[in-house]
Amino acid sequence: MKQLELYINAEPGGYHTFIVQSGTHREKLDFSSSDKDAMYAEAARLIEGDRLMSDRLRVLDASRKVVKQGDMFVPLRSLKLWLGRAEPAMSA
C-alpha cells in the first residue's frame, strides 16, 4: 500500500510538495504549487487514480501554521468535500 504525503511550506510564496511512501521507499513527485487548494485537488486525483494508494492523504506541516498538531490524515471523502466534489450521501 502506498501513502501520499503533502508537505506544507508555510513561508509566504513557499511551494508545497508531495512524497509517495511505499514501505521504506520514498519518492518525491514533480507536481508542486504554492496553492494548497491546487495541492488538495491533485492529491484527490492521485489517490483516485491509483488503486494501490491509501484513500487518505497525510498532511505534514513542520511550522504548525496550517496543521496545528504538525500532521494529520485526511480521508479522500473529506478532500472532495473541501473541493466541492463530494458525491451525495446514500439514502435508505
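Scroll up a little and you will see the structure.
Below is a summary of the structure that appears in this document. As the structure is a prediction and not an experimental result, all values here were calculated from the model.

1. Points about the nonpolar core
Residues Leu4, Leu6, Phe18, Ile47, Leu57 and Leu79 are the most contacted members of the largest nonpolar core, which totals 18 residues. Listing elements by their share of this core, those giving two or more residues are strand 1 (2-7), strand 2 (16-22), helix 1 (36-49), strand 4 (53-60) and helix 2 (76-83). Counting residues per element, this core draws most heavily on helix 1, at 6 residues. Look past the residues within four positions of Ile47 in its chain and what remains in contact with it is Leu4, Met53, Ser54, Asp55, Arg56, Leu57, Leu76 and Leu79.

2. Looking at helix 2
Buried residues of helix 2: Leu76, Leu79 and Lys80, and no others. Along the axis of helix 2, the buried positions cluster into a sector of 100°, meaning they face one direction only. The elements touched by buried residues of helix 2 are helix 1, strand 4 and strand 5 (71-75).

3. A short note on the packing of helix 1 against helix 2
Across the interface, helix 1 lies against helix 2 with an axial gap of 10 Å and an inter-helix angle of 140°. As judged from the angle between their axes, helix 1 and helix 2 are oblique. Taken as a pair, helix 1 and helix 2 cross one another with a handedness that is left-handed. Contacts between helix 1 and helix 2 pair Asp37, Tyr40, Ala41, Ala43, Ala44, Ile47 and Glu48 from the former with Leu76, Leu79, Lys80, Trp82 and Leu83 from the latter. Per-class residue counts for the contact of helix 1 with helix 2 are 9 nonpolar, no polar and 3 charged.

4. Overview of the pattern of salt bridges
Throughout the structure, instances matching the rule amount to 6 salt bridges. Residue Asp50 pairs with Lys2 through a salt bridge whose shortest N-O separation is 2.4 Å. Of the two residues, Asp50 is situated in the loop between helix 1 and strand 4 and Lys2 in strand 1; the sequence distance between them amounts to 48 residues. With a shortest N-O distance of 3.5 Å, Glu5 and Arg58 are connected by a salt bridge. Of this pair, Glu5 sits in strand 1 while Arg58 sits in strand 4, and the two are 53 residues apart along the sequence. Taking relative accessible area as the criterion, Glu5 reaches 1% and is therefore assigned buried.

5. With respect to the pairing of strand 2
Of all the 7 residues making up strand 2, 5 are buried; the element is thus mostly covered by neighbouring parts of the structure. For strand 1 and strand 2, the ladder comprises 5 bridges, and the chain directions are antiparallel. Across the sheet, Leu6 pairs through a bridge with Phe18, a residue of strand 2. In the sheet, strand 2 pairs with strand 3 (residues 25-33) via 6 bridges, with the strands oriented antiparallel. Residue Ser22 lies in a different strand from strand 3, and its bridge partner there is His25. As consecutive antiparallel partners, strand 2 and strand 3 are separated by 2 residues, and within that stretch Gly23 has a phi angle of approximately 65°, a positive value.

Analysis parameters
Residues numbered from 1 in each chain as written. Predicted model: local features only at pLDDT ≥ 70, side-chain atom pairs only at ≥ 80, totals over all residues. Heavy atoms only, no water. Core = buried A, V, L, I, M, F, W, Y, C linked by side-chain atoms within 4.5 Å. Buried < 20%, exposed > 50% of the residue type's maximum accessible area, 1.4 Å probe, protein only. Helix = DSSP H or I, 4+ residues; strand = E, 2+ residues; numbered from the N terminus. Contact = heavy atoms within 4.5 Å. Arc of directions from axis to C-beta. Axes fitted to C-alpha atoms, helices over the stretch in contact; angles between N-to-C directions. Parallel < 35°, antiparallel > 145°, perpendicular 65-115°, else oblique. Left-handed = near helix turned anticlockwise from the far one by under 90°. Nonpolar A, V, L, I, M, F, W, Y, C, P; charged D, E, K, R; others polar. Salt bridge = Lys/Arg side-chain N within 4 Å of Asp/Glu carboxyl O. Pairing = 2+ DSSP bridges.

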